[in-house]
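# Observations on chain architecture
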Amino acid sequence: MTLKLSTLAVLLGLGMGLPQIYGIVKPAAFAAAVRRFPRSLPWGYALMLLGTAWFVWNLSQESISDFAAWKTPLLAVFAAIGVGACIFVQDLLAVRGLSVVLLLLARLMVDTGRPALPATSWVLVFQTWAYVMVVAGIWFTVSPWRLRDLLNWATATEKRTKYGCGLRLAFGLFVAVLGAVKF
């Protein structure tokens, strides 16, 4: 399956930007929902299982000649680790699942944007966003409580919530416009 850079940019830009409208219109409700996210088991299960399935699918697409005989058992072990995390590591599971998804999404963004680099330097905005997601994914995997603390800080006041939502909305729309116009 190949995804065009323009399609991915529009989808990610709108996917990031549109929920921010709710945060601007109803900052108190948005802040309450955001603060519940890190310890949310439904979000944790969904994100961890999505990340596990995506990782196993990516790995199944790779040609690993050195490990060809072990490929099926390895895929089973990695799937078991993802499901096991849902069962045995439930504390801040949503943050851990989000971290896995961020890392996989960043890989998709970099791989999709790489062929377009010679055509336009605007791809660097998209690529930089992907690398920021890599750093965030690694950082929140190592210390998931930091996302909880960051979300609590970012939603401490209605003014701060609205300002953050406005910035994310502007960036999301900027990426979506780049996807529609430049990619």
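Summary of the structure given here. (Residues numbered from 1 in each chain as written. Predicted model: local features only at pLDDT ≥ 70, side-chain atom pairs only at ≥ 80, totals over all residues. Heavy atoms only, no water.)

## Concerning a nonpolar patch on the surface
A cluster of nonpolar side chains, Leu14, Leu18, Ile21, Ile24, Val25 and Leu173, forms an exposed patch at the surface whose accessible area comes to about 470 Å². Its location among the elements puts isoleucine 24 in helix H1 (residues 5-25). (Patch = residues over 30% accessible without salt bridge, like charges linked within 9 Å, V, L, I, M, F, W, Y side chains within 5 Å. Areas by Shrake-Rupley, 256 points an atom, 1.4 Å probe, with all protein chains shown as cover. Salt bridge = Lys/Arg side-chain N within 4 Å of Asp/Glu carboxyl O. Helix = DSSP H or I, 4+ residues; strand = E, 2+ residues; numbered from the N terminus.)

## Looking at the nonpolar core
Ranked by size, the top nonpolar core spans 30 residues in total, and within it Leu12, Met109, Phe126, Trp129 and Met133 carry the most contacts. When contributions to this core are tallied by element, the ones reaching two or more residues are H1, helix H2 (27-36), helix H3 (41-61), helix H5 (93-113), helix H6 (123-142), helix H7 (145-154) and helix H8 (158-181). With nine residues, H5 is the largest single contributor of residues to this core. Setting aside residues up to four positions removed in sequence, phenylalanine 126 forms contacts with Leu5, Leu8, Ala9, Leu12, Met109, Val175 and Phe183. (Core = buried A, V, L, I, M, F, W, Y, C linked by side-chain atoms within 4.5 Å. Buried < 20%, exposed > 50% of the residue type's maximum accessible area, 1.4 Å probe, protein only. Contact = heavy atoms within 4.5 Å.)

## Structural notes on the pattern of salt bridges
Taken as a whole and assessed by the stated rule, the structure comprises five salt bridges. A salt bridge links glutamate 62 to arginine 107, with the nearest nitrogen and oxygen atoms 3.2 Å apart. You can see glutamate 62 sitting in the loop between H3 and helix H4 (71-88) and its partner arginine 107 sitting in helix H5, a full 45 residues away along the chain. We classify glutamate 62 as partly exposed; its relative accessible area is 36%. Here the salt bridges share partners, and the residues they tie into one network are Glu62, Arg107, Asp111 and Arg114.

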